[in-house]
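Understanding the architecture of this molecule
Now for the letters of each chain:
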Amino acid sequence: MGIKGTQIIKLILTQKQKKMKKLFLSMVASLILVSCGTKTEKSEKVETSPAKFTLTVINHTDQDMKWEQSWGMTSPTSGVVKAGDTVKLSSNEVQSDHINVYPMPPKGVDQPNPGNGTFGMQYGYDGHIARVYCDNVCNKGYPTAAVHYEGTNWIYETEWLLPSGVQTNTTNTVTITTKPFTHVEE
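In short, a report on the structure. Per-chain numbering applies: the sequence of each chain, read as written, is numbered from 1 onward. In view of the model being predicted, local features appear only for residues whose pLDDT reaches at least 70, and side-chain atom pairs are presented and counted only at 80 or more, with totals across whole chains, interfaces and linings using the full set of residues. With hydrogens and water set aside, each side-chain value is computed from the structure's full complement of heavy atoms.

1. Here we look at the pairing of strand β7 (residues 130–134)
For two strands to be treated as a pair, DSSP must find at least two bridges joining them. Segments assigned H or I by DSSP are reported as helices when at least four residues long, segments assigned E as strands when at least two residues long, and all are numbered from the N terminus. As paired strands, strand β6 (residues 119–125) and β7 are joined by four bridges and run antiparallel to one another. Across the sheet, Gly 124 pairs through a bridge with Arg 131, a residue of β7. Hairpin connection between β6 and β7: a loop of four residues separates the two successive antiparallel strands, and Gly 127 in this loop has a positive phi of roughly 95°.

Shown next as structure tokens:
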């Protein structure tokens, strides 16, 4: 029984080794098949259309100003332009884009009225060219020397690189300043 018992043990071990070998080979074969069947596609770089409207806003005031736009290209659609800083707002929207900036009163004005101002531009695309549909004058931005209400004690002023009301001036720069204001009856 000693020799037969050893032979039986060797036979059992050999059979187990063969089964393990078969299992291992089938796992390797499966892995190869799965790897061969997997397609790897070349990733393509996604590009945006060029900007159709760009407004560079220079905050030449002593306070930060919030800004927002209805459609941004690759940047956020709202933020803050710090006092003394510049923000470039661009859009490639083909329908319409509204850009709003909210000037704050000068720090030296006691009990400012109003608490903040509104500056707005609207751009559009008519299927052929980009256009300024409505500039800050058309949008009645306030408080300005031209648009203010009773009790207004500060205004903002704009200085444009190009005239703001020209429809084709879709790339422009505006500098916004603020100052105290006293309404004089005419």
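2. Quick look at the state of the cysteines
Here, disulfide denotes a covalent bond that connects the sulfur atoms of two cysteines. A pair of sulfur atoms, both from cysteines and within 2.5 Å, is called a disulfide here. Following the criterion strictly, the structure yields one disulfide and no others. The disulfide that involves Cys 134 links it to Cys 138, with 2.0 Å between the sulfurs. An S-S torsion of about -100° defines the bridge between Cys 134 and Cys 138 as left-handed. Each residue's exposure class comes from its accessible area (1.4 Å probe, protein chains only) as a fraction of the maximum for that residue type: buried when under 20%, exposed when over 50%, partly exposed otherwise. Overall, the relative accessible area of 46% leaves Cys 138 in the partly exposed class.

3. Brief notes about the nonpolar core
Membership of the largest hydrophobic core comes to 20 residues, with the highest contact counts inside it found for Leu 55, Val 57, Val 101, Phe 119, Tyr 123 and Ile 176. For this core, the secondary-structure elements that each account for two or more residues are β1 (53–59), β2 (65–69), β4 (86–91), β5 (96–102), β6, β7, β8 (154–160) and β9 (171–180). We call two residues in contact when some of their heavy atoms are within 4.5 Å. Apart from residues lying up to four places away in sequence, Val 57 is in contact with Met 65, Val 81, Asp 85, Thr 86, Val 87, Leu 89, Val 101, Val 174 and Ile 176. Definition used in this section: a nonpolar core is a set of buried Ala, Val, Leu, Ile, Met, Phe, Trp, Tyr and Cys residues joined via side-chain atoms within 4.5 Å.

4. Overview of the sheet that holds β8
Spatially, β4-β1-β9-β8 is the arrangement adopted by the four strands of the open sheet, whose pairing is mixed. Edge positions in the open sheet fall to β4 and β8, since each of these has one partner strand only. Mean inter-strand twist for the sheet, computed between neighbouring axes without regard to direction, equals 25°. Pairing between β1 and β4: six bridges, direction antiparallel. Within β4, the position partnered with Leu 55 by the bridge is Leu 89. Lines are fitted to the C-alpha atoms to define the axes, a helix being fitted only along its stretch in contact, and any angle between axes, read from their N-to-C directions, falls within 0 to 180 degrees.

5. With respect to the sheet that holds strand β3 (residues 78–81)
Here five strands make up an open sheet; going across it, the order is β3-β2-β5-β6-β7 and the pairing antiparallel. Two strands bound the open sheet, and with one partner strand each, they are β3 and β7. Recorded for the sheet is a direction-independent mean angle of 25° between the axes of neighbouring strands. By the bridge criterion, six bridges tie β5 to β6 in an arrangement that is antiparallel.

6. A word on the packing of aromatic side chains
In summary, the pairing rule links any two rings of Phe, Tyr or Trp, Trp by its six-membered ring, whose centres are within 6.5 Å, and it sorts them by plane angle into stacked for under 30 degrees, edge-to-face for over 60 and tilted for everything else. Tallied over the full model, the rule gives four aromatic pairs. Geometrically, the ring pair formed by Phe 119 and Tyr 156 is edge-to-face, given 6.5 Å between the ring centres and 70° between the ring planes. Here Phe 119, found in strand β6, pairs with Tyr 156, found in strand β8; they are 37 residues apart in sequence, far enough to count as distant. Of the two residues examined, Phe 119 and Tyr 156, each falls in the buried class. Aromatic rings pair up to connect Phe 119, Tyr 156 and Trp 160 into one cluster.

7. Examining the side chain of Thr 152
Its place among the elements puts Thr 152 in the loop between β7 and β8. The term polar contact refers here to a pair of N or O atoms within 3.5 Å; inside protein, the definition further demands a hydrogen-donor-capable atom paired with an acceptor-capable atom, and it admits residues adjacent in sequence only when both atoms are side-chain atoms. At 2.7 Å, the side chain of Thr 152 and the backbone oxygen of Tyr 149 are in polar contact. With residues near it in sequence (within four places) discarded, Thr 152 still touches Asn 113, Pro 114, Pro 143 and Phe 181.

8. Considering the pairing of β9
Consecutive side chains along a regular strand alternate between the two faces of the sheet. As defined by bridge partners, β1 adjoins β9 across six bridges and the pair is classed as parallel. Residue pairing across strands places Ile 58 opposite Thr 175, the latter belonging to β9. Sheet topology places β8 next to β9; seven bridges connect them, and they run antiparallel. The partner of Glu 157 across the bridge, within β9, is Thr 177.

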